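Per-entry structural report
Chain by chain, the residues:
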Amino acid sequence: MAGSKKLKSKAAATDASDKKVNSNPENAPYSLFPLSRYASLLGSQTLGLGFTLGMLPRTRVLQNELASLFGTLDAPKTSQDHPQHPFLAPLTESPARTIFWLCAGSLVLIGWGAGSLRIWHKASETDRSHPTEQPSTTGSAEKTFLGTKVERPPIPARILASQDAAIAVAFSSPLVFVLLVLFGAPMSSHLIPTTFLAVLLSILTVWTPAYTFGLPSLTSQTLKAEERRQKWIGLFVEFSTRSPVDRAIVFPAIGAIIGCWLGALPMPLDWDRPWQAWPLTSAYMAIIGHLIGSGISLAVSIAQFLLIEAQLDKAAD
């Protein structure tokens, strides 16, 4: 009898400690973020991006059309004592075509991952603010046409989120292009490859936050718009990552930028390798940096989760 009372009191203490930890705003996101599913997502995304890096540019689909549109390298230089490996020949034949396929593959895979992050973010946001409210999945149901209100079919939330992400990429790509030129990228002689690199960096950095959180408005003064602006400022100005979703967005973006910069280092070396052509190494290192940043975000989130579990066990004892 005394043993059963002791077990009941211990269980009650455990439940109380769980509620106490989960009620903490710093710990609540971890109870709503599926780390195992995120790890599985990163594994699949890594395999997909690896295929994009090595195999997708080698595809014969539209090979001649893209080569004629983007051009190829004129007699690429290669060292006589270290000739280029045959595996790299299709990748270096047309840098613009290669980065075009990198953009296409990254868009599909990054967009797929952003969909899961958006679902997890909405779930945690709904649980914290309005537990009984269902997330909105439609846009405006009516519009005015020639003075008459006309009903229109509801727009799925995923389409609206994709629209925000596409607008973010479209607006950020010219800015990234200007930054690349300011950092020394050739503009007149390599216009198309530089443009594709700017698009690739935009996909790796702004697609996911725009899809997950929505675009920040500079004119709207509503509470939701202000929260969204503060969210973007907190993530990309203050680098404040308070949840696993924030970390899964910011760390890969930083990794992509650092990787792109590191990828430019071997280009001016006199190794006479075709893969040193602009901007192959920067594009490849941007994707690799994105993957490394994703891995670091997972590792940090797991460490934080284990720390919370240790706090739970300590509180239960």
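Residues numbered from 1 in each chain as written. Predicted model: local features only at pLDDT ≥ 70, side-chain atom pairs only at ≥ 80, totals over all residues. Heavy atoms only, no water.

1. A short note on the overall build of the protein
Scanning the protein for helices and strands turns up 12 helices and two strands. Shown N-terminal to C-terminal, the secondary structure of the protein runs as helices and strands in the order α-α-α-α-α-α-β-β-α-α-α-α-α-α. When burial is assessed residue by residue, the protein has 40% of its 317 residues classed as buried. Considering only contacts in the protein between residues 6 or more positions apart, those separated by 24 or more positions represent 72%. Accessible surface for the protein amounts to roughly 18,300 Å². Of this, 64% is attributable to carbon and sulfur atoms. (Helix = DSSP H or I, 4+ residues; strand = E, 2+ residues; numbered from the N terminus. Buried < 20%, exposed > 50% of the residue type's maximum accessible area, 1.4 Å probe, protein only. Contact = heavy atoms within 4.5 Å. Areas by Shrake-Rupley, 256 points an atom, 1.4 Å probe, with all protein chains shown as cover.)

2. Some details on the packing of helix H8 (residues 191-205) against helix H11 (residues 244-263)
Angle between the axes and distance between the axes are the two parameters that describe a pair of packed helices. Closest axis-to-axis distance for the H8/H11 pair is 8 Å, and the angle between their directions is 155 degrees. In terms of their interaxial angle, H8 and H11 are classed as roughly antiparallel. Where H8 abuts H11, its residues Leu197, Leu201, Leu204 and Thr205 lie against Ala253, Ala256, Ile257 and Cys260. For the contact of H8 with H11, the class distribution of residues is seven nonpolar, one polar and no charged. (Axes fitted to C-alpha atoms, helices over the stretch in contact; angles between N-to-C directions. Parallel < 35°, antiparallel > 145°, perpendicular 65-115°, else oblique. Nonpolar A, V, L, I, M, F, W, Y, C, P; charged D, E, K, R; others polar.)

3. Quick notes on the UniProt feature "transmembrane region" (unreviewed entry) in the protein
Residues given the UniProt feature "transmembrane region" (unreviewed entry) here are residues 99-120, 165-185, 191-214, 248-267 and 287-308. Helix makes up 80% of residues 248-267 and strand 0%, and the two end C-alpha atoms of the span are 30 Å apart. (UniProt positions renumbered as here; feature names shortened; annotations may be inferred.)

4. Some thoughts on a nonpolar patch on the surface
On the surface, Phe239, Ile254, Ile258, Trp261, Leu262 and Leu265 cluster together into a nonpolar patch covering about 590 Å² of accessible area. Mapped onto the secondary structure, Trp261 falls in helix H11. (Patch = residues over 30% accessible without salt bridge, like charges linked within 9 Å, V, L, I, M, F, W, Y side chains within 5 Å. Salt bridge = Lys/Arg side-chain N within 4 Å of Asp/Glu carboxyl O.)

5. Re the confidence of the model for the protein
Summarising the model, the protein shows a mean pLDDT of 79, and 74% of its residues fall at 70 or more. In this model residues 5-23 is a low-confidence stretch, pLDDT under 50, and it forms 11 contacts with partners more than four residues away in sequence or in other chains. For the stretch residues 130-140, pLDDT sits under 50, and the model shows 13 contacts to residues farther than four places along the chain or on other chains. (pLDDT = per-residue confidence, 0-100.)

6. Focus on the pattern of salt bridges
Two side chains with opposite charge may pair up if their charged atoms get near one another. Scanning the entire structure with this criterion turns up three salt bridges. A salt bridge links Arg229 to Glu226; the shortest N-O distance between them is 2.6 Å. Note that Arg229 and Glu226 are positioned in helix H10 (residues 223-236) at a spacing of three residues, about one turn of the helix. Taking the relative accessible area as the measure of exposure, Arg229 reaches 13% and is therefore buried. Here Glu226 falls in the partly exposed class, since its relative accessible area comes to 31%. Salt-bridge contacts for Asp246 lead to Lys231; the nearest nitrogen and oxygen are separated by 2.9 Å. Taken together, the residues Asp246 in helix H11 and Lys231 in helix H10 connect sequence positions 15 residues apart.

7. Some points on the packing of aromatic side chains
With the rule as written, the count across this model stands at six aromatic pairs. With a centroid separation of 5.3 Å and an interplanar angle of 65 degrees, the aromatic rings of Phe33 and Tyr38 are classed as edge-to-face. This pair shows no difference in class: Phe33 is buried, exactly as Tyr38 is. On the basis of an interplanar angle of 55 degrees and a centroid distance of 5.9 Å, the ring pair of Phe100 and Phe196 is categorised as tilted. A residue pair is termed long-range when its members are at least 10 positions apart, and Phe100 in helix H6 (residues 95-129) and Phe196 in helix H8 qualify at 96 residues. Accessibility expressed as a relative area gives 26% for Phe100, which makes it partly exposed. Residue placement shows Arg118 over the ring face of Tyr211; its charged tip is 6.0 Å from the ring centre. (Phe/Tyr/Trp six-rings, centres within 6.5 Å; stacked < 30°, edge-to-face > 60°. Lys NZ or Arg CZ within 6 Å of the ring centre and 35° of its normal.)

8. Focus on helix H7 (residues 157-182)
Across its 26 residues, H7 extends 38 Å between first and last C-alpha, which sits within 8% of the 38 Å expected from 1.5 Å per residue. Roughly 30 degrees is the biggest bend found in H7, and it falls at Ser172, with proline Pro174 one to four residues downstream. Of the residues one or two after H7, Gly184 is the one with positive phi, at around 110 degrees. (Expected span 1.5 Å × (residues − 1). Bend = angle between axes of the 7 residues up to and from the residue.)

9. Some points on unusual backbone geometry
In this structure, Pro279 follows Trp278 across a cis peptide bond, with omega equal to -10 degrees. Structurally, Pro279 is set in the loop between H11 and helix H12 (280-316). Positive phi, normally seen in glycine, also occurs at Phe239, with a value near 55 degrees. Looking at the element boundaries, Phe239 is found in the loop between H10 and H11. The partly exposed category is assigned to Phe239, whose relative accessible area is 49%.

10. Considering the packing of H11 against H12
Relative to each other, H11 and H12 sit at 150 degrees, their axes nearing to 6 Å. Here H12 runs roughly antiparallel to H11, going by the angle between their axes. Considering only the axes of H11 and H12, their crossing is right-handed. (Left-handed = near helix turned anticlockwise from the far one by under 90°.)

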